[in-house]
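One-letter residues, chain by chain:
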Amino acid sequence: MSRDPLKHAAAVAAVDAEVRPGMRLGLGTGSTADEVLIALGERLADDRLHDLVGVATSEATAARAAQLGIALASLDDVHRLDLAVDGADEIDPELRLIKGLGGAHLREKVVACAADRMVGVADACKLVGRLGERAPLPVEVIAFARGACERHLEDLGWRPAVRLRHDGRAFRTDEGNLILDCHRDEWSDPERLAADVGAVPGVVAHGFFIGIARAAFVATPSGVRVLEAPAAAPSR
Ligand code: 5RP
């Protein structure tokens, strides 16, 4: 993965502001989350941090964390996490997120919801006025239910497309499921959209993260902005 200075800046700011020795951490997935792993690894290597335990949100993150000397556990071993840090595909002004272009949003949501606090890390291009401006909604479905989920989502006004790998075969998540990348014209009321998509039989997880992120570290060319979420009831 090539290094991006803004992603690096957001990750370093989040790690230095949020991570303390001894924490149990949710480790996100993607190129910005990778910068978080690198920052953690560097601070473990020079003793600025110690006794961290991470729960990885993907097989790729688990491999990378192991490479960087970050101790790993599963959610069967560690029931609550102090903090989860993860990237995002979109962040709206209320800190509602879309996640999942990296295909890990199911485990990411499980991990984020097991954490006392979840913070996002991103560069400013992820900021949107309203969700759906630049990303589709990734919806993870079991393969058996693909056709039924597509029809059900179409009835809800979505235009689902099975995510494909570069070789043209269907992308499979770490859980062996398919992802439907879903577009639509009208994105107002994300809470209702999330509830409707989440109720479709065969849907395992959608990429709306609403009421989950408490803060976001967003890097701009002039510095890192810390955005705080309004107090709100979670809707997952
Ligand atoms: C993976 C995700 C990622 O956090 C999201 O896609 C952002 O990735 P990147 O930091 O590479 O832009 O949700 O499922």
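Being a predicted model, the structure only gives us computed values, none of them experimental.

Participant: Please clarify how the environment of K126 should be interpreted in this entry.
Facilitator: Topologically, K126 is positioned in the loop between β6 (118-123) and β7 (137-141). As a C-alpha pair, K126 and L97 span 29 residues in sequence and 9.4 Å in three-dimensional space. In this view, K126 contacts T32, A88, D89, E90, I91 and R134; residues no more than four positions away in its chain are not counted.

Participant: Whenever I open this one, the site of the ligand confuses me. Can you help?
Facilitator: Of all residues adjacent to the ligand, which total 17 residues, the nearest are S31, T32, D89, G100 and K126. In this structure, S31 approaches the ligand through a side-chain N or O atom, which is 2.5 Å from an oxygen atom. Backbone polar atom of A104 to an oxygen atom of the ligand: 2.9 Å apart, as the coordinates give it. If the ligand stood free it would expose 380 Å²; the protein chains cover 91% of that surface. Going through the elements one at a time, α2 (31-45) and α4 (105-113) are the ones with two or more residues in the shell around the ligand. Taken together, the residues of the shell around the ligand break down into three nonpolar, nine polar and five charged.

Participant: Sorry if this is basic, but what is going on with the packing of α2 against helix α3 (residues 59-67) here?
Facilitator: Two numbers describe a pair of packed helices, the interaxial angle and the distance between the axes. Between α2 and α3, the least distance of the axes is 10 Å, while the angle of their chain directions is 20 degrees. Viewed along their axes, α2 and α3 adopt a mutual orientation that is roughly parallel. The crossing of α2 and α3 is right-handed. Where α2 approaches α3, its residues D34, L37 and I38 are matched on the opposing element by T61, R64 and A65. Taken together, the residues of the contact of α2 with α3 sort by class into three nonpolar, one polar and two charged.

Participant: Is there a simple way to think about the sheet that holds strand β2 (residues 53-56) in this case?
Facilitator: Strand pairing in a sheet relies on backbone hydrogen bonds, with the paired strands running either antiparallel or parallel. Read from one edge of the open sheet, six strands run β2-β1-β3-β6-β12-β13, paired in mixed fashion. The two strands at the open ends of the sheet, each matched to only one other strand, are β2 and β13 (223-228). With direction set aside, neighbouring strand axes in the sheet form an average angle of 20 degrees. The pairing of strand β1 (residues 24-27) with strand β3 (residues 83-86) spans three bridges and is parallel.

Participant: Help me out: how do you make sense of the packing of aromatic side chains in this one?
Facilitator: Per the stated rule, a full pass over the model turns up three aromatic pairs. Cluster of aromatic residues (ring-pair linked, three or more members): W158, W187 and F208. K99 extends its terminal NZ or CZ atom over the ring of F209, reaching a point 5.7 Å from the ring centre.

Participant: How should the domain arrangement of the protein chain be read in this particular structure?
Facilitator: The extent of an interface is frequently quoted as the accessible surface area lost upon association of the parts. Domain annotation of the protein chain identifies domain 1 (5-127 + 210-222) and domain 2 (137-204). Once you take the C-alpha centre of each, domain 1 and domain 2 turn out to be 25 Å apart. Listed per partner, the contact involves 13 residues of domain 1 and 16 residues of domain 2. In total, about 1100 Å² of surface goes out of reach between domain 1 and domain 2, with carbon and sulfur atoms giving 59% of it. Sorting the residues of domain 1 by area buried against domain 2 places H105, L106 and I210 first, and these three jointly supply 39% of that buried surface. Scanning the region where domain 1 abuts domain 2 turns up three salt bridges. Put simply, R107 and D174 hold a salt bridge, and the shortest N to O gap is 3.9 Å. One can count six residue pairs in polar contact (both at pLDDT 80 or more) joining domain 1 with domain 2. When grouped by side-chain class, the residues that make up the side of domain 1 that touches domain 2 number four nonpolar, five polar and four charged.

Cut-offs applied
Every chain begins its residue count from 1, and numbering advances along the sequence as written. Since the coordinates come from a predicted model, pLDDT governs what is reported: local features require at least 70, and pairs of side-chain atoms require 80 or more to be given and counted, while whole-chain, interface and lining totals use all residues. Side-chain numbers here rest on the full set of heavy atoms in the structure, without hydrogens or water. Segments assigned H or I by DSSP are reported as helices when at least four residues long, segments assigned E as strands when at least two residues long, and all are numbered from the N terminus. Throughout, a contact is declared for two residues whenever any of their heavy atoms are within 4.5 Å. Note on terminology: near, applied to a residue and a molecule or strand, indicates that one of the residue's heavy atoms is within 4 Å of it. A 3.5 Å cut-off defines polar contacts: any pair of N or O atoms within that distance qualifies, except that in protein one atom must be a possible hydrogen donor and the other a possible acceptor, and neighbouring residues in sequence count only when both atoms are side-chain atoms. In these tables, accessible area is a Shrake-Rupley quantity obtained with a 1.4 Å probe, and a residue counts as shielded only by the protein chains included in the view. Classification convention: Asp, Glu, Lys, Arg as charged; Ala, Val, Leu, Ile, Met, Phe, Trp, Tyr, Cys, Pro as nonpolar; all other residues, Gly among them, as polar. For every element, the axis is a line fit to its C-alpha atoms; helices are fit only across the contacting stretch, and the angle between N-to-C directions ranges from 0 to 180 degrees. Should an angle lie under 35 degrees it is considered roughly parallel, over 145 roughly antiparallel, and from 65 to 115 roughly perpendicular; all remaining angles are considered oblique. In this scheme, a crossing is called left-handed if the near helix is turned counterclockwise away from the far one by less than a right angle; it is called right-handed if the turn is clockwise. By the convention used here, strands pair only if DSSP detects at least 2 bridges between them. Classification of ring pairs rests on two measures: the distance between centres of Phe, Tyr or Trp rings, Trp counted by its six-membered ring, which must be within 6.5 Å, and the angle between planes, read as stacked under 30 degrees, edge-to-face over 60 and tilted in between. Two limits define a charge over a ring: the Lys NZ or Arg CZ must be within 6 Å of the ring centre, and within 35 degrees of the ring normal. Domain borders in the structure are assigned automatically or taken from a domain database. Accessible surface is computed with a 1.4 Å probe, and the buried area is the amount of it that two parts give up when combined, taken over both parts together. The term salt bridge refers to a pairing of a side-chain nitrogen on Lys or Arg with a carboxyl oxygen on Asp or Glu at a separation within 4 Å.

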